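Residues per chain, in single letters:
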Amino acid sequence: MCSRAYLFLIGAVYLYAQVIVADVFTAELTVGSNVTLEANSILLALNYTDVEVNAQKVILIRSEVVAECLLIGDDTSCNCSTGYVWSNPVCYNYNCCRETTCAQNVSDSTPLCIAKVNVRIKGSVTLNTAETWGSNKETQLTDAFKVLNGFEFLNVTGQRTQTIDKDDFAVADFEAAVSVEMSTPKLQGVVDEAQRNLKAVISVDTVGMVEIYSPGKVCYESVPVMNCTFVETNIKMDSNGWNFFGKDGKRFQLNTGTVVNLTLPCNTSGLCAQLTLQKVTGIWSGRYECGFQIGSVRHTASTELSVALLPDVVTLKIDPLTVDCSVNSNRKVTATATIPVSTEPFKVLWSYQEVKEPAVNTSVGGNLIYKFHATVSCMKILEPHTISVTFTNSEKQVKTATVDVPVIYAGATFCKAEIDRFGVLWPNTPAGKTLIIDQCAEGRVGYKSRTCRGRQWDDVFSNCVNAELNKVLNAADNFAKGLGATQEVAMEIFSGLFNSSTTDTDSNDSTADVIASIEVLNLMSKASEFIVLEDSVFPKFVHAASNMLNNTWSGVNTTIVHDMSSKYLQSVEDLVKNIKVNQSNGVNSPNLDLKFCSDDCNMTVFDIAVNMNKTNGTGKTVAVKNLMRRLKNNIDDSKPDSILVSVTLEKNSSSEIRLVFPQENPSRNKRMCVFWRTKMNKWSEAGCSAKTIPGNRTVCDCNHLTSFAVMMSKSDVSTPDLDMITNVGLGVSVCCLLIFLIVEYLVWSAVVKSNLSHFRHTAIVNIAVFLLLGNCSFLASSNPESLSDNWCLVLTICKHLFYLAMFNWMMCMSVMLVHQLIFVFTPLRKRVFMFFSGIVGYVFPIFIVGSSYTYCKYTEKPYYEKKTCWLVYESVLEGSLHAFLLPVGTVILTNLFSMVVVILTLVKSNVPEGSKADDKETAKSILKVVVFLTPVFGLTWIIGFALLMLEENTPLHIIAIYSFTILNSFQGIFILITCVFAEQKVREEMIKLIMAKSKGKSESMKNLTSTNYTRDK
């Protein structure tokens, strides 16, 4: 009797491990017996049985039979259960594939049978020869793929002709199905074999080998994350990535941008890819596909992402554009909201004042239109008449758009209706309102706007952009977001930009085209931070950017021109910096000259010699014409050259640069090398020096890379003579002030015997102390080049603080003097004087300096100039210097008024006498007042304010410069003279002290002091 043995493979046994975190595992269990077994009995016995696996207690929670083998002697018959198929090891090692009975003894193979899966293979075959596709080719292709385990079918889905380099090739698209996940090397081997047999190029995509996760439906402007994982873990992929299929089915490759953020790969094996979208809108609703590429095989998976939509753009219009209450008491206004057609079931609500009304849409073309009728009352109100429309989506998110109805009330100022030269009617409009009309010439899209100022209309501002350029702008916007951001698309964008820049250069709407073109450059420059662009885009980019500068940029105000030029420069500079250079030698155009260097960095752009002493990296230099006059010139009384040079390096390596500019305006005396500070939109001289060489050329030496230019100023006020006078004067003043303070210390108790004298000497001592500290700080910063940035900042703050405190104490002294003259019988109390003087002399200066420094720090504006270690003057009422000029100017005006009061008091007291002798004495008194109070009141600084208004290089200007320098450098001497030698009490006390000291009789000195006390009383 023959022996019979049954072998059951119990697969998909779920093992439940009771550990800290419960995990579920799948395993295979083989049960063998030489007698007939009942499979169901075994399965029931196994369910919820405790077993031990690697010293871990587990529970079997479910089991099923996946294979059955019957062994009779040497004969074996094995079959997989329904829904299972032979595993790849069984198929490729024992030639038991698909769902057929296997006569091999495969019972020891693991795994034996696996669950069937749905794997699709889509591919294309491009024949290398001029052959046509036939049934024999299809048979060869099918035979090649039949060797795959679980093969089900292969069908040719289409045939076409593809032209490559003017040659036509036959292409066949096919689809195959297998029920087992195959290994990538096996599939690549099948593809390679088919390519050899067919003499063709084959590429295939698989579906079913990659796991993908999507959140499904997400909220508007949320941040969804999708993950893609390749199930095969023992292989290294060449690349992976994501694609997006929009509503029209068009495929876009995704790259990191302002919206898309790719993490590729998200682990070291390269078998996962993560996609994060920032603040998704309607355009991101669609199908997403991830792929892992190796050789000619690409494994893919796709998923749908649904966004709870809100309108990205709501176009609101009103008819009529304005309501004229001087004609009618009530007017009907129709408001229209237009949005693109959407699948989202919006709830739409109109509101105006107390009226709320749900809206129903009508479909027109590709848009949904909602209308609302409102009655505007002519009763005057302060608030604007605002009509709003609110859209609510399925996730209860809302978006509101508003429009104001301009109302002309009776007696109000308005601009009268007018038809402009383009035939557009602008109705009566209240003052201060801007109207927007979407009337553009054929082939243009956008709007026109016009503002009513008082009773006069502003010029019409046209934002009507060339329709083709607008398409380029939209493409650039998608590119910057990361949608379809490839080298090919970049070439299309720059080609479209170039084509648009050569048309309508004399059109009335050409400035609108320039604004849109600059925005294209701006978007592409942002994209270049994330996406590597090859140098093949340089020719179209450079010529398009050059064409933009041929336009006059008219029809907009100066502020807009400054913003346009700054954005243009920043965009061009960033693109030149980020575009990768491979073979390009540069591009020359009428307004841009672009050149590169690697080893020898000596080049010439538009007759400007550039030399870089770099350590590594590719140097990039672009010279730009017709831009300097459009950039904001923050350097007063200067005229820019016509050419700007931008120098960058591909790698952030250190470099020193020298530029040699030809002199365009030799009549100017001083030449400055400046660079453009992009964050502040201003020119700066920091880090650059200029000198003139023979041949009327200017050499600029700079220690950083950016955009450089040359400015011509009328003159340089700094000369060796003035520097010498300043240093000598300050040195002498410091000595004199020290002497004065010592004298005050010695005679203080003798001369300060009344409140008035106490007030005067307290003020003058504070003036001397702060003037001494300010002069010392000035001397310490006399050589800014040798100071670090921190020391330069500290000394600038010290000078700012000490000189302000000095002037504030001068004002305390002058106000005190006027008070005593006017309010003779109401003397100022000591406590009151000290309290207010302390606030004015100490607190105010600290507050002003601290506030100005904090403001500059917060607004990222420079507080000090490294070249001078002093405050910055940019223009009228701009720059930190005004935190010094305005307080000092206030003090000087106050002190000047005080001096006039003193003089008038002297004149008035001598008028009744009427004799010539009295007139002479009055004149002497006035002269004495002027001489004595001018240095103490700081009135010599008036000359400094005059310097700001005088024309440079004139005789009067030169006299003023030397007068200011001499008078204020030697101010310490004047204080010593007027407050010691010209002060009778102080002078007498000093004589007594000197005489007593020389005789060595201290008792005599005490008697003299006592006598002086008696005389004071």
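The structure this text deals with has already been given above.
Please read these numbers as outputs of a predicted model, since none were measured by experiment.

Asker: Tell me about a nonpolar patch on the surface, and please be specific about residues and values.
Answerer: A cluster of nonpolar side chains, Leu-896, Val-900, Leu-904 and Ile-942, forms an exposed patch at the surface whose accessible area comes to about 320 Å². Sort the elements by how many residues they give to the nonpolar patch and helix 14 (residues 882-910) lands first, with 3 residues. Within the secondary structure layout, Val-900 lies in helix 14. Classification of Val-900 by relative accessible area gives partly exposed; the value is 41%.

Asker: Can you explain the pairing of strand 17 (residues 260-263)? Please cite residues and give values.
Answerer: A one-sided burial pattern is seen for strand 17, the buried positions being Val-260 and Leu-262 and the unburied ones Asn-261 and Thr-263. The pairing of strand 17 with strand 18 (residues 272-277) spans 4 bridges and is classified as antiparallel. Bridge pairing links Val-260 to Leu-277 in strand 18.

Asker: Describe the packing of helix 8 (residues 538-548) against helix 9 (residues 558-578), naming the residues involved and giving the relevant values.
Answerer: Packing of helix 8 against helix 9 leaves a shortest axis separation of 12 Å and a crossing angle of 165°. Classed by the angle they form, the pair helix 8 and helix 9 counts as roughly antiparallel. Helix-helix and strand crossings are classified by hand; for helix 8 and helix 9 the assignment is left-handed. Along the contact surface, helix 8 presents Phe-538, Phe-541, Ala-545, Ser-546 and Met-548, while helix 9 presents Tyr-568, Val-572, Leu-575 and Val-576. Taken together, the residues of the contact of helix 8 with helix 9 sort by class into 8 nonpolar, 1 polar and no charged.

Asker: Account for the state of the cysteines, naming residues and giving values.
Answerer: Inspection of every chain in the model, using the stated rule, returns 12 disulfides. Disulfide pairing places Cys-325 opposite Cys-378 at an S-S distance of 2.0 Å. Here the disulfide of Cys-325 and Cys-378 is left-handed, its torsion about the S-S bond being about -85°. Remark: Cys-378 occurs in the loop between strand 27 (367-377) and strand 28 (385-392) and Cys-325 occurs in the loop between strand 22 (323-324) and strand 23 (330-340); sequence separation between them is 53 residues. As far as burial versus exposure is concerned, Cys-325 and Cys-378 are alike and both buried. Here Cys-415 is linked by a disulfide to Cys-452, with a sulfur-sulfur distance of 2.1 Å.

Asker: Break down the side chain of His-761 for me, citing the residues and quoting the values.
Answerer: Within the fold, His-761 resides in helix 11 (residues 755-780). Judged by relative accessible area, which is 4%, His-761 ranks as buried. If sequence neighbours within four positions are ignored, His-761 has contacts with Glu-744, Trp-748, Val-751, Val-752 and Val-986.

Asker: Account for the sheet that holds strand 17, naming residues and giving values.
Answerer: Taken together, 4 strands build an open sheet; the order of strands is 12-14-18-17 and the sheet is antiparallel. Of all strands in the sheet, those bounded by a partner on one side alone are strand 12 (210-213) and strand 17. For this sheet the average axis-to-axis angle between neighbouring strands, irrespective of direction, equals 15°. Summarising the sheet, strand 12 and strand 14 (residues 225-230) pair through 4 bridges and their orientation is antiparallel. Each bridged residue has a counterpart across the sheet, and for Tyr-213 the counterpart in strand 14 is Asn-227.

Asker: Explain the sheet that holds strand 24 (residues 347-352) to me, and be specific about the residues and the numbers.
Answerer: Spatially, 4 strands are ordered 25-24-28-29 in an open sheet, and the strand pairing comes out antiparallel. Looking at the sheet topology across the chains shown, the edges are occupied by strand 25 (355-358) and strand 29 (398-405). Averaged over all adjacent pairs, the angle separating strand axes in this sheet is 20°, with direction ignored. Bridging between strand 24 and strand 28 involves 6 bridges; their strand directions are antiparallel. What sits directly across from Ser-351, in strand 28, is Ser-388.

Asker: Lay out unusual backbone geometry in plain terms, naming residues and giving numbers.
Answerer: At the junction of Thr-110 and Pro-111, the peptide bond is cis and its omega measures out at -5° in the coordinates. Inspection of the secondary structure puts Pro-111 in the loop between helix 2 (88-94) and strand 7 (113-115). For the bond running from Asp-319 to Pro-320, omega is 0°, close enough to zero to count as cis. Structurally, Pro-320 is set in the loop between strand 21 (315-319) and strand 22. In this model, Glu-221 sits at a positive phi of 60°, which is unusual for a non-glycine residue. With respect to the secondary-structure elements, Glu-221 resides in the loop between strand 13 (217-218) and strand 14. Judged by relative accessible area, which is 42%, Glu-221 ranks as partly exposed. Of note, the phi angle at Lys-396 is positive, near 65°, even though the residue is not glycine.

Asker: So what about the packing of aromatic side chains? Which residues, and what values?
Answerer: Scanning all chains against the criterion turns up 18 aromatic pairs. Here Phe-346 and Phe-391 contribute two aromatic rings whose centre-to-centre distance is 5.7 Å and whose plane-to-plane angle is 80°, an arrangement assigned as edge-to-face. Of the two residues, Phe-346 is situated in the loop between strand 23 and strand 24 and Phe-391 in strand 28; the sequence distance between them amounts to 45 residues. For Phe-391, a relative accessible area of 0% corresponds to the buried category. Relative to Phe-391, the ring of Tyr-370 lies with its centre 5.5 Å away and its plane at 85°, an arrangement referred to as edge-to-face. Remark: Phe-391 occurs in strand 28 and Tyr-370 occurs in strand 27; sequence separation between them is 21 residues. The pair formed by Tyr-370 and Phe-391 is uniform in burial state, with each residue classed as buried. Feature note: the residues Phe-494, Phe-538, Phe-541 and Phe-596 constitute an aromatic cluster, connected by ring pairs. A cation over a ring is seen here: Lys-186 above Tyr-92, with NZ or CZ 4.5 Å from the ring centre.

Asker: How would you sum up helix 8? Please name residues and give values.
Answerer: Most of helix 8 sits inside the fold, with 8 of its 11 residues counted as buried. Listed as buried for helix 8 are Phe-538, Phe-541, Val-542, Ala-544, Ala-545, Ser-546, Asn-547 and Met-548. Elements in contact with the buried residues of helix 8: helix 6 (487-501), helix 7 (510-527), helix 9, strand 41 (586-588) and strand 42 (592-597).

Asker: Outline the packing of helix 6 against helix 8, supporting the account with residue identities and numerical values.
Answerer: Viewed as axis vectors pointing N to C, helix 6 and helix 8 meet at an angle of 30°, and their least axial separation amounts to 8 Å. One finds that helix 6 runs roughly parallel with respect to helix 8. Here helix 6 and helix 8 pass one another in a crossing that is left-handed. Every residue of helix 8 that contacts helix 6 at Phe-494, Ser-495, Leu-497, Phe-498 and Ser-501 is listed here: Lys-540, Phe-541, His-543, Ala-544, Asn-547 and Met-548. Partitioning the contact of helix 6 with helix 8 into residue classes produces 6 nonpolar, 4 polar and 1 charged.

Cut-offs used in this document
- Residues numbered from 1 in each chain as written.
- Predicted model: local features only at pLDDT ≥ 70, side-chain atom pairs only at ≥ 80, totals over all residues.
- Heavy atoms only, no water.
- Patch = residues over 30% accessible without salt bridge, like charges linked within 9 Å, V, L, I, M, F, W, Y side chains within 5 Å.
- Areas by Shrake-Rupley, 256 points an atom, 1.4 Å probe, with all protein chains shown as cover.
- Salt bridge = Lys/Arg side-chain N within 4 Å of Asp/Glu carboxyl O.
- Helix = DSSP H or I, 4+ residues; strand = E, 2+ residues; numbered from the N terminus.
- Buried < 20%, exposed > 50% of the residue type's maximum accessible area, 1.4 Å probe, protein only.
- Pairing = 2+ DSSP bridges.
- Axes fitted to C-alpha atoms, helices over the stretch in contact; angles between N-to-C directions.
- Parallel < 35°, antiparallel > 145°, perpendicular 65-115°, else oblique.
- Left-handed = near helix turned anticlockwise from the far one by under 90°.
- Contact = heavy atoms within 4.5 Å.
- Nonpolar A, V, L, I, M, F, W, Y, C, P; charged D, E, K, R; others polar.
- Disulfide = S-S within 2.5 Å.
- Phe/Tyr/Trp six-rings, centres within 6.5 Å; stacked < 30°, edge-to-face > 60°.
- Lys NZ or Arg CZ within 6 Å of the ring centre and 35° of its normal.

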